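Spelled out from the first residue to the last, the chains are:
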Amino acid sequence: MHFVLSFLFFMQNKIRARFKFVEDWQLDAKVTKAIQHLSFFQISTISGCKFNPRLVAAFCNLYHESDDVFEIGQHKLGISLEDVFMFTGLPVDGMPLVIAESLEPLEVCKHLLGWDRVGIDAVKPGSINLKRLQEKFMVVPTEVEDHSQELKYYVRAYLLALIGSILLPRSTEQIVPVSYLLFIDDIDRVDDYAWGAGLLAQLNSGIRKFRNEPRKCAYGAFWLIQMFIMEHFPSLAKKIMLDHSNTLPTRLPKRIPLVVEWSKLLKGPSMQSLKNTNFAEMLAAPNLEFISRPYERIEGIVRSRLFYSRTLLIGLNYLAYHRPDLFPDQLGIGEVDMSDLRKIIRFKEKIRTGDSGKNWPRNYKQYINEWKFRYQSCVKDCSEGTDFVLPQINTTECC
């Protein structure tokens, strides 16, 4: 617990810096116009995010790696594709984040950013330094025209910055893999990829490794864990927000992506005043209020079939299973029908320092095949008298 807490305190500054990095990127009107139809656009309006390391450390200490769940009292919880969609608005279905061929980072930068060797990180040659990316691409010259090839360089650079800073951050370093550029080559098709699934794959992988090596591994959107806790445990949300009234239910965010409104709500409270709070004790309280389905307050939600799918998630190098069968009450399922679920396969992440020369289709062939069967591996409710029906397959997202 000590190592987990001490490293999360270190992460606190990193997470704050990443959100500030996005907030400080003064988005040019031309870039705004080019991305406003994408799911990434709303993420760009985030206004900082307070992160409480004590709360997240206490919660992570209740993680059981064997099942990929958090056990709080009698409840088994898991961060699901539904949670990721609600918080980020990113597509959870679509093409997996897998590179179709090997790449040469320098050539990718030249082709998609119009940038030469100075953009590649000297220490990690397969990555770009986020600060240098900002310095190069934040200001769009007035002579750059709408819909021009040159403007696309600036749009891709900003999307890459969002990915590397808060959505799929790699470790605590301020770098982003060049590989992600291949998924944002065609700006109009960015949302064809399952970014939400990739985010969850990386986060779950990061949680597993963080619990084993808290001093070394802390990659992924850890800020999402805090918001997950606040959605499911109202008393902890009130504690974090220093809300001593009964107005919290009326103040909760009601628009997707929830992270935008949560970041505003969390901007005021000082985390310093909570330094003596024993969150582990609060999580262990027998009468701790738990809300299994907090998003029912949000109107007009079209539920994805992927919310119910037990499938292998792929996020570039990262792999993790989505296991709604272990926390069915979060989907409103009383008794789980597992008859259609595919057998869980063993997997091994093939993480390397660089991606050059990696044969992705060969290395991840079996995993990509599992993703193809994601619609046919869904949990269902077999409770007596249930009127449960799986959501239809969204053919516009199917691939």
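What counts as what
Residues numbered from 1 in each chain as written. Predicted model: local features only at pLDDT ≥ 70, side-chain atom pairs only at ≥ 80, totals over all residues. Heavy atoms only, no water. Helix = DSSP H or I, 4+ residues; strand = E, 2+ residues; numbered from the N terminus. Contact = heavy atoms within 4.5 Å. Areas by Shrake-Rupley, 256 points an atom, 1.4 Å probe, with all protein chains shown as cover. Phe/Tyr/Trp six-rings, centres within 6.5 Å; stacked < 30°, edge-to-face > 60°. Buried < 20%, exposed > 50% of the residue type's maximum accessible area, 1.4 Å probe, protein only. Lys NZ or Arg CZ within 6 Å of the ring centre and 35° of its normal. Core = buried A, V, L, I, M, F, W, Y, C linked by side-chain atoms within 4.5 Å. Pairing = 2+ DSSP bridges. Axes fitted to C-alpha atoms, helices over the stretch in contact; angles between N-to-C directions. Parallel < 35°, antiparallel > 145°, perpendicular 65-115°, else oblique. Nonpolar A, V, L, I, M, F, W, Y, C, P; charged D, E, K, R; others polar. Polar contact = N/O pair within 3.5 Å; in protein donor to acceptor, adjacent residues only side chain to side chain.

What is the right way to read the overall build of the protein chain from this model?
Within the protein chain, the secondary structure is distributed over 16 helices and nine strands. In the protein chain, 78% of the contacts between residues at least 6 apart in sequence involve partners at least 24 apart. Of the roughly 17500 Å² of accessible surface on the protein chain, 49% is carried by carbon and sulfur atoms.

Looking at this structure, I do not really get the packing of aromatic side chains. What am I missing?
Two aromatic rings, taken as a pair, are described by how far apart their centres are and by the angle between their planes. Applying the stated rule across the entire model yields 21 aromatic pairs. Ring centres of Phe183 and Tyr193 lie 5.2 Å apart, and the angle between their planes is 70 degrees; on these two criteria the pair is classed as edge-to-face. Of this pair, Phe183 sits in the loop between strand 5 (175–177) and helix 9 (195–212) while Tyr193 sits in the loop between strand 5 and helix 9; the two residues are 10 residues apart in sequence, bridging distant segments of the chain. For Phe183, a relative accessible area of 3% puts it in the buried group. An aromatic cluster is defined as three or more aromatic residues linked by ring pairs; in this entry it consists of Phe40, Tyr180, Phe183, Tyr193 and Trp195. The ring of Phe373 carries the charged tip of Arg342 above its face, separated from the ring centre by 4.2 Å.

Would you take a moment to explain the nonpolar core for this structure?
The nonpolar side chains of a soluble globular protein tend to be buried with one another. Ranked by internal contacts, the top residues of the largest apolar core, which has 120 residues, are Leu133, Trp195, Trp223 and Ile225. With 13 residues, the single largest contributor to this core is helix 8 (residues 149–167). Sequence-distant contacts of Leu133, defined by excluding residues within four places in its chain, comprise Trp25, Leu113, Trp115, Ile128, Met138, Ala157, Leu160 and Ala161. Counting nine residues, the second largest nonpolar core, distinct from the first, contains Leu312, Ile345, Tyr364 and Tyr367.

I keep staring at the pairing of strand 2 (residues 69–72) and nothing clicks. Help me out?
Where strand 1 (residues 63–64) lies against strand 2, two bridges are found, and the strand directions are antiparallel. In the strand pairing of strand 2, His64 is matched with Val69. With antiparallel pairing between neighbouring strands as the criterion, strand 1 and strand 2 make up a hairpin whose turn holds four residues, including Asp68 at a positive phi of roughly 60 degrees. Relative to strand 3 (residues 75–77), strand 2 runs antiparallel, the two being bridged by three bridges. Directly across from Phe70, in strand 3, lies its bridge partner Leu77. Counted along the chain from strand 2 to the antiparallel partner strand 3, the turn is two residues long, and its residue Gly73 has a positive phi close to 60 degrees.

What should I look at first to understand the pairing of strand 7 (residues 318–322) in this one?
Strand residues, when the strand is regular, have side chains that alternate between the two faces of the sheet. Here strand 7 lies mainly inside the structure; five of its five residues are buried. A two-sided burial pattern is seen for strand 7, the buried positions comprising Tyr318, Ala320 and His322 on one face and Leu319 and Tyr321 on the other. As paired elements, strand 6 (residues 311–315) and strand 7 share five bridges and run antiparallel to each other. Counterpart to Thr311 in the pairing with strand 7 is His322. Here strand 6 hands over to strand 7 after two residues, with Leu316 in that stretch at a positive phi of 60 degrees.

Would you mind showing me how to read the packing of helix 6 (residues 105–113) against helix 8 here?
Describing two packed helices takes the angle between their axes plus the distance from one axis to the other. In the contact formed by helix 6 and helix 8, the axes pass within 8 Å of each other and the chain directions differ by 120 degrees. One way to sum up the angle between helix 6 and helix 8 is to call them oblique. For the pair helix 6 and helix 8, the contacting residues are His111, Leu112 and Leu113 in the first and Tyr153, Arg156 and Ala157 in the second. Each residue belonging to the contact of helix 6 with helix 8 can be placed in one class, and the counts come to four nonpolar, one polar and one charged.

Just checking my understanding: could you explain the sheet that holds strand 2 for this structure?
Two orientations exist for strands paired in a sheet by backbone hydrogen bonds: parallel and antiparallel. Read across the sheet, three strands follow the order 1-2-3 without closing on themselves; strand pairing throughout is antiparallel. Because the sheet does not close on itself, it has two edges, and the strands there are strand 1 and strand 3.

For this particular structure, what's the right way to read the side chain of Asp325?
Note that Asp325 resides in the loop between strand 7 and strand 8 (336–337). Side-chain polar atoms of Asp325 contact the side chain of Arg310, separated by 3.3 Å. Separated by 2.8 Å, the side chains of Asp325 and Arg323 make a polar contact. Residues contacting Asp325, with those up to four places away along its chain left out, are Arg310, Val336, Met338, Leu341 and Val379.

Which parts of the structure should I look at to understand the environment of Ile333?
Mapping Ile333 onto the fold places it in the loop between strand 7 and strand 8. Given the relative accessible area of 4%, Ile333 is considered buried. Along the primary structure Ile333 and Phe388 are separated by 55 residues, whereas in three dimensions their C-alpha atoms are 8.2 Å apart. Among residues more than four places away in sequence, those in contact with Ile333 are Tyr308, Pro328, Val379, Lys380, Asp381 and Phe388.

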